[in-house]
Amino acid sequence: ATFARVCLYLQGLSNFAATHSDKITFLKVCYDSDEYKMYYAQSLHKAGLFPDATRAAIRVDNPQHAQRVVQLQAAIKYEQDDLMNTKAFIEQCPQDEADTAVNHACVLYKEATQPDADPALFEQARDVYEEGISSVITVRDFSMIFDAYSQFEESMITAKIESQARSEERRV
């Protein structure tokens with residue numbers, strides 16, 4: 001707790017450090033918790049601090065959190081448009097889980113939106129969503145896949161409407 005007090009003092013929080021040593025001890029205990037480390041890595045990801053999130057995720061060394069770490073690493077790579085490594089992480093996930101189906105379909109969709117992409121990738125993404133919907137058992141999994149599928153279809157409809165509007169503008 002002494003090091004933490006020095007750090008807080010140097011940050012201009014000496015009053016807090018002097019009067020709240022119990023909270024500093026709590027923070028130290030939380031910092032050593034794998035659950036805390038996982039939440040910390042997820043918050044860094046949400047903040048867009050991808051290299052820091054990757055380092056924090058690697059520090060979670062608990063078999064109980066291994067699947068969540070792999071999913072987080074896949075999400076980080078996805079946000080960085082590193083689809084090859086995203087796929088590699090998704091391959092490590094159980095293929096029968098709803099999260100994996102959604103992640104796989106998201107990668108297919110992102111690949112399909114790349115310049116010179118094969119238009120069949122959109123259909124493959126749709127197939128993955130539909131297969132996931134038909135194979136889920138729980139309401140939670142159905143809701144997750146259905147929500148992702150709905151967003152996918154909405155983006156497809158929006159893209160078609162925008163494409164038609166552009167072609168009508170060119171004709172006028």
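Presented here is a report on the structure given in the accompanying data block. (Residues numbered from 1 in each chain as written. Predicted model: local features only at pLDDT ≥ 70, side-chain atom pairs only at ≥ 80, totals over all residues. Heavy atoms only, no water.)

**A few points about the packing of aromatic side chains**
And step 1. Taken as a whole, this structure holds 3 aromatic pairs when the rule is applied.
And step 2. Here Tyr36 and Tyr40 contribute two aromatic rings whose centre-to-centre distance is 6.1 Å and whose plane-to-plane angle is 10 degrees, an arrangement assigned as stacked. Taken together, the residues Tyr36 and Tyr40, both in helix 4 (residues 34-46) and 4 residues apart, mark about one turn of the helix.
And step 3. Tyr40 sits in the partly exposed class, given a relative accessible area of 35%. (Phe/Tyr/Trp six-rings, centres within 6.5 Å; stacked < 30°, edge-to-face > 60°. Helix = DSSP H or I, 4+ residues; strand = E, 2+ residues; numbered from the N terminus. Buried < 20%, exposed > 50% of the residue type's maximum accessible area, 1.4 Å probe, protein only.)

**Regarding the packing of helix 8 (residues 98-112) against helix 9 (residues 120-135)**
And step 1. Running from amino to carboxyl end, helix 8 crosses helix 9 at an angle of 170 degrees, the nearest separation of the two axes being 8 Å. Comparing the axis directions of helix 8 and helix 9 gives the class roughly antiparallel. When the axes of helix 8 and helix 9 are compared, the crossing they make is left-handed. The residues of helix 9 that touch helix 8, namely those facing Ala101, Val102, His104, Ala105, Cys106, Leu108, Tyr109, Glu111 and Ala112, are Leu121, Phe122, Gln124, Ala125, Val128 and Tyr129. (Axes fitted to C-alpha atoms, helices over the stretch in contact; angles between N-to-C directions. Parallel < 35°, antiparallel > 145°, perpendicular 65-115°, else oblique. Left-handed = near helix turned anticlockwise from the far one by under 90°. Contact = heavy atoms within 4.5 Å.)

**Section: the pattern of salt bridges**
And step 1. Counting across every chain of the model gives 7 salt bridges.
And step 2. Where Lys110 meets Asp81, a salt bridge forms, and the shortest distance between an N and an O atom there is 2.6 Å. Within this pair, whereas Lys110 is found in helix 8, its partner Asp81 is found in the loop between helix 6 (66-79) and helix 7 (83-91), the two being separated by 29 residues in sequence.
And step 3. Residue Lys110 is classed as buried on the basis of its relative accessible area of 15%.
And step 4. Of the charged contacts in the structure, one is a salt bridge between Glu111 and Lys87, with a shortest N-O distance of 2.5 Å. Here Lys87 lies in helix 7 and Glu111 lies in helix 8, a separation of 24 residues in the sequence.
And step 5. You can call Glu111 buried: its relative accessible area is 17%.
And step 6. Members of the salt-bridge network, linked through shared partners, are Glu123, Arg126 and Glu153. (Salt bridge = Lys/Arg side-chain N within 4 Å of Asp/Glu carboxyl O.)

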